[in-house]
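# Inside the fold
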Amino acid sequence: AETIFLADYTPPGWLVEDVSLTFRLAPDATRVLSRIRFRPNPDGTQDRFFLHGEKLTLISARIDGAPVTPDVTDEGLTCAVPDGAFTWETEVEIAPAQNFALEGLYMSNGMYCTQCEAEGFRKITYYPDRPDVMATFTVRIESDLPVMLSNGNPGASGPGWTEWHDPWPKPAYLFALVAGDLIAHPDSFTTQSGKDVALNIWVRPGDEGKCAFGMEALKKSMKWDEEVYGREYDLDIFNIVAVDDFNMGAMENKGLNVFNSSCVLASPETSTDGNFERVEAIIAHEYFHNWTGNRITCRDWFQLCLKEGLTVFRDSQFTSDMRSAPVKRISDVIALRARQFREDNGPLAHPVRPESFREINNFYTATVYEKGAEVIGMLKRLVGDEAYEKACDLYFTRHDGQACTIEDWLQVFTEATGRDLGQFKRWYSQAGTPRLTLRETWDEGTLTLHFSQRTPPTPGQTDKQPQVLPIAVGLIGPDGEEVQETTLLEMTETEQSFSFSGLGARPVASVLRGFSAPVILQRDQDNADRAFLLAHDTDPYCRWEAGRALAKQALMRMITDDAPADPAYLGALTTLLGDETLDPAFRALAMALPSEDDLAQSLADTGHVPDPQRIWDKREAMRDAMADFMPDLLAQLFDAHQVPGRYAPEAAPAAARALANSALALLSRRDGGERARVQYAEADNMTQQLAALSCLLSIGMADDALGAFYDQWQSDRLVIDKWFSLQVAFAAPDQTAATAARLAGHPDFDMKNPNRFRATFGALAASPAGFHHASGAGYRLLADWLIRLDALNPQTTARMSTAFETWKRFDADRQDMIRAELERILSRDGLSRDTSEMITRILA
Ligand code: DPP
Ligand code: ZN
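Residues numbered from 1 in each chain as written. Chains lettered and ligands numbered in written order. Predicted model: local features only at pLDDT ≥ 70, side-chain atom pairs only at ≥ 80, totals over all residues.

Counted only if it meets this: UniProt positions are given in the numbering used here, feature names are shortened, and annotations may be inferred rather than shown by experiment.
Looking up the protein in an unreviewed UniProt entry gives the name Aminopeptidase N, with the organism given as Pseudooceanicola algae. Per its UniProt entry, the protein bears the Cofactor (unreviewed entry) comment "Zn(2+)". Recorded in UniProt under Catalytic activity (unreviewed entry), the annotation for the protein is "Release of an N-terminal amino acid, Xaa-|-Yaa- from a peptide, amide or arylamide. Xaa is preferably Ala, but may be most amino acids including Pro (slow action). When a terminal hydrophobic residue is followed by a prolyl residue, the two may be released as an intact Xaa-Pro dipeptide."

Structure, rendered in structure tokens:
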């Protein structure tokens, strides 16, 4: 298939007035009848009438009631059509039970379900499947299943049929249909203007007890969007459905969100604190799409960040308001570095708004989502909160009901603020992570910060222009008092200096506060200044970052010079951990070491060839050193942060558990697993149970607990996913691949279920020492399974092929082995467009 370019965009030749669909559901032969009213688009040309359609059996087609014979190919059909408006009708047949790609209409445990973003609707019927064609939909579903749902408001129904009508024009990617034997967890919400909205979370029988938390999250999200963005819900009903087989996290279909069950179901017994937080965030994310995505959608798929970057930014604001803002910010930075920086610094680097693709599913990336959200955050920081609100209001009023571009989004900011955003726009077009270098000079009461910025070349982009960098800075005096509050420096040049004068004694600069721009800050700072900031910085992100820099420095020296664990780092950490004024969640974050992947990247950046096994060994050695250095403090932290009483998933008790369990992980290295065994036996919630199991696994003493865990939870799919992934994650590096291979032979392994596949092979890919083991077993195993999965589910296969994206960091032997595996995958007959695009880009 050919490459599609942003520059080639042309408006659709015909627009759709409205659509009526009838579904006669049957697993192997579903009939879909469509009635679509087309009219010529005055802004387009009517030279060729083309409708997308894939894997459809065309039964009949009519124009204004008269049969026609279109030209049908693998990708769609063309047909001679009359001038002016006309009504198009087709009947097609599809086989949802044979659809393992999980795009279009498919089946999951006997339930019918759809996924149409980005281009799944064309597997349901012939249609102009592009987001700039928006229409109202009326849907009739015929089946003998008790529950039949679609977008919008419910219409008439009778025995064996139900109708739905969605009054809001939408693109086809927001279409959804669900039918099955489902149970509702019902509730309601009254909007700010007094409209009652019926709410339901629909689940399979047996999962009813896992809906209450998601429902509360939904109501909080609805209220928050009214209060913070002035956005009210616009239908009589909002349905969420949990489905076990799903490629992504969730999908914001108008009025009928479909969720991977792992992102909506939650109960104290089966879900961890992390799961609860994730459910809350994803429910909010999908709900917020109702305005940023649905009411205002994307003109074309190159504009994906228009809805995703903005909606991720909105859900992070929501989480910050519901929980701890500093902890959310630090967690987001960790995730950004782990996923987006990795992508931005490898062969898959692409701009936030890509300019070409072969398969759009491959661009649902950390860059589009997370860097896209960072770009919104920078914009808000640069224009200020008030102007941000004004610009958003203008966006919502001006573009309601439209399919928009990044230009439309930036234009409302230009108008609201009078700012020229020309240079800022580079954040959307230039790939790669800027390196921001800082040098400081001090001269008689004046501190000058000399910055320079440079973005390394990325595929297809060799020359980079300077970007607008908002750099938040504060100054801390030698006595630990802040002498300069946070101020925003705006860097626009390649090199630029900023001075602070009238200072008594030389302060320590706290730079990039709140992680004010998604850059890699390179700063020659000595450990004394880092320790000082760790002790005194008023900005939680910079404070955490100072500790991380100390830890990283210490680990790098252990890896490159065989240095012992740095006592200065251990001492500074001990002081921080013992500071009872600090949020336990913050302390838990401070205790976590830089990841293996992070260290590998830093080693590669500084001219070393990372050895994954050595990185693993030295991180283990550091954790042993931590356990040895502060045994009493750890025991005290563990005891003092036990949470009595009934489990609650709120931020405060979760923070206490996070700190206690971080302490437990280190304590277990010295107590033979004694505390973990007690905790495992007494746990009445999954957070405590899983933390204890992890500790036992990490010291190789989990055999009994693993068996007991399986016996206890074998009927709970989501918990058994954890059982699969933990065993791989905690295997010794020389056992990782063998463990994943063994689990893939377990009767509960089902490659058709993306969650189970990811639990097993995602965990392999996320264990660098095991995946990159010198034997090459990890590479071979993953390649074998990617080849198998590609025949069924290209989207998940392509996503998981990113496991190989860091390959050029490693030594020649590893590179040779990886290249051989990638070429083996690429040489397969019938390899999907998704996977072939990814492997080709990774190899390039
Ligand atoms: N649009 C979805 C989301 O990010 C992904 N398919 O919410
Ligand atoms: Zn989204």
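### With respect to the overall build of the protein
Our working rule: The helix count covers DSSP runs of H or I at least four residues long, the strand count covers runs of E at least two residues long, and both are numbered beginning at the N terminus. Within these notes, the globule rule equals 2.2 Å times the number of residues to the 0.38 power, and the radius of gyration is based on C-alpha atoms.
Within the protein, the secondary structure is distributed over 27 helices and 31 strands. Its C-alpha radius of gyration of 27 Å places the protein within 12% of the 28 Å reference for a compact globule of 844 residues. Principal-axis analysis of the C-alpha atoms gives the protein an extent of 85 × 65 × 60 Å.

### Comments concerning the confidence of the model for the protein
Here is the rule we go by: The quantity known as pLDDT measures the predictor's confidence residue by residue, on a range of 0 to 100.
Per-residue pLDDT for the protein has a mean of 98; in total, 100% of the residues score no lower than 70. The complex model carries a pTM of 0.99, and its ipTM stands at 0.98.

### Some points on the pairing of strand S5 (residues 57-63)
Selection rule: A strand pair is defined by DSSP finding two or more bridges across the two strands.
Sheet topology places S5 next to strand S9 (residues 86-94); six bridges connect them, and they run antiparallel. Across the sheet, Arg62 pairs through a bridge with Glu89, a residue of S9. Summarising the sheet, S5 and strand S6 (residues 66-67) pair through two bridges and their orientation is antiparallel. Along S6, the bridge assignment pairs Arg62 with Pro67. Where S5 folds back on S6, the antiparallel hairpin that results is connected by two residues, among which Asp64 adopts a positive phi of roughly 45°.

### Concerning the site of ligand 1
Using the following cut-off: Put plainly, near means the residue's C-beta atom, positioned from the backbone, lies within 6 Å of the molecule or strand in question. Residue classes follow a fixed rule: Ala, Val, Leu, Ile, Met, Phe, Trp, Tyr, Cys and Pro count as nonpolar, while Asp, Glu, Lys and Arg count as charged, and any other residue, Gly among them, counts as polar.
Taken together, the residues surrounding ligand 1 are Glu117, Met248, Ala250, Met251, Glu252, His285, Glu286, His289 and Glu308. Residue assignment for the shell around ligand 1 shows that the elements contributing at least two residues are strand S20 (250-251) and helix H2 (273-288). Grouping the constituent residues of the shell around ligand 1 by class yields three nonpolar, two polar and four charged.

### Regarding the UniProt feature "domain: Aminopeptidase N-like N-terminal" (unreviewed entry) in the protein
Taking the UniProt record as the reference, the feature "domain: Aminopeptidase N-like N-terminal" (unreviewed entry) is found at residues 110-174. Between the end C-alpha atoms of residues 110-174 there is a gap of 23 Å, over a span that is 0% helix and 51% strand.

### Observations concerning the sheet that holds strand S4 (residues 50-52)
Taken together, the three strands give an open sheet; going across it, the order is S4-S8-S7, and neighbouring strands pair in antiparallel fashion. For this open sheet the edge positions go to S4 and strand S7 (71-72), each flanked by a neighbour on one side alone. Examined bridge by bridge, S7 and strand S8 (residues 76-78) share two bridges and lie antiparallel to one another. Of the residues in S8, the one forming a bridge with Asp71 is Thr78.

### Comments concerning unusual backbone geometry
Going from Glu117 to Ala118, the amide bond is cis rather than trans, its omega being 0°. Mapped onto the fold, Ala118 is located in the loop between strand S11 (111-115) and strand S12 (135-142). Phi at Glu444 is positive, roughly 40°, even though this residue is not glycine. Relative to the assigned elements, Glu444 resides in the loop between strand S25 (435-443) and strand S26 (446-454).

### Side note on the environment of Ala791
Within the fold, Ala791 resides in the loop between helix H24 (777-790) and helix H25 (794-800). For Ala791 and His450, which are 341 residues apart along the polypeptide, the C-alpha to C-alpha distance reads 54 Å.

### Examining the pairing of S9
Taken together, the nine bridges between strand S3 (residues 30-40) and S9 define a ladder with antiparallel strand orientation. When the bridges of S9 are listed, Ile36 appears paired with Trp88.

### Details of the packing of helix H22 (residues 754-765) against H24
Two measures define how a pair of helices packs: the angle their axes make with one another and the distance between the axes. Rules: Angles run from 0 to 180 degrees between N-to-C directions of axes, and those axes are lines fitted to C-alpha atoms, restricted for helices to the stretch in contact. Handedness of each helix crossing follows the sense of rotation of the near helix against the far helix: counterclockwise by less than a right angle gives left-handed, clockwise gives right-handed. With C-beta atoms placed from the backbone, a contact is any residue pair whose C-beta atoms sit within 7 Å.
Contact pair H22 / H24: the axes reach a minimum separation of 10 Å and the direction vectors enclose 145°. Between H22 and H24 lies a crossing whose hand is left-handed. Contacts between H22 and H24 involve Phe757, Phe761, Leu764 and Ala765 from the first element and Gly778, Leu781, Leu782, Trp785 and Leu789 from the second. Class assignment of the residues belonging to the contact of H22 with H24 gives a composition of eight nonpolar, one polar and no charged.

### Observations concerning the domain arrangement of the protein
Reports often express the size of an interface as the amount of accessible area lost when the parts come together. This is how the line gets drawn: Domain boundaries shown here were taken from an automatic or database domain assignment.
For the protein, the assigned domains are domain 1 (1-97 + 112-174), domain 2 (297-429), domain 3 (435-517) and domain 4 (714-844). One C-alpha centre belongs to domain 1, the other to domain 4; they are set 36 Å apart.

### As for the sheet that holds strand S18 (residues 196-203)
Taken together, the five strands give an open sheet; going across it, the order is S17-S18-S19-S21-S20, and neighbouring strands pair in mixed fashion. The sheet is open, and its two borders are formed by strand S17 (183-190) and S20, each paired with just one other strand. Two elements, S18 and strand S19 (residues 237-243), share five bridges in a ladder whose sense is parallel. When the sheet's bridge partners are listed, Leu199 is paired in S19 with Phe238. Along the sheet, helix H1 (residues 212-229) contacts S17, S18 and S19; its crossing angle with S17, the most-contacted strand, is approximately 25°.

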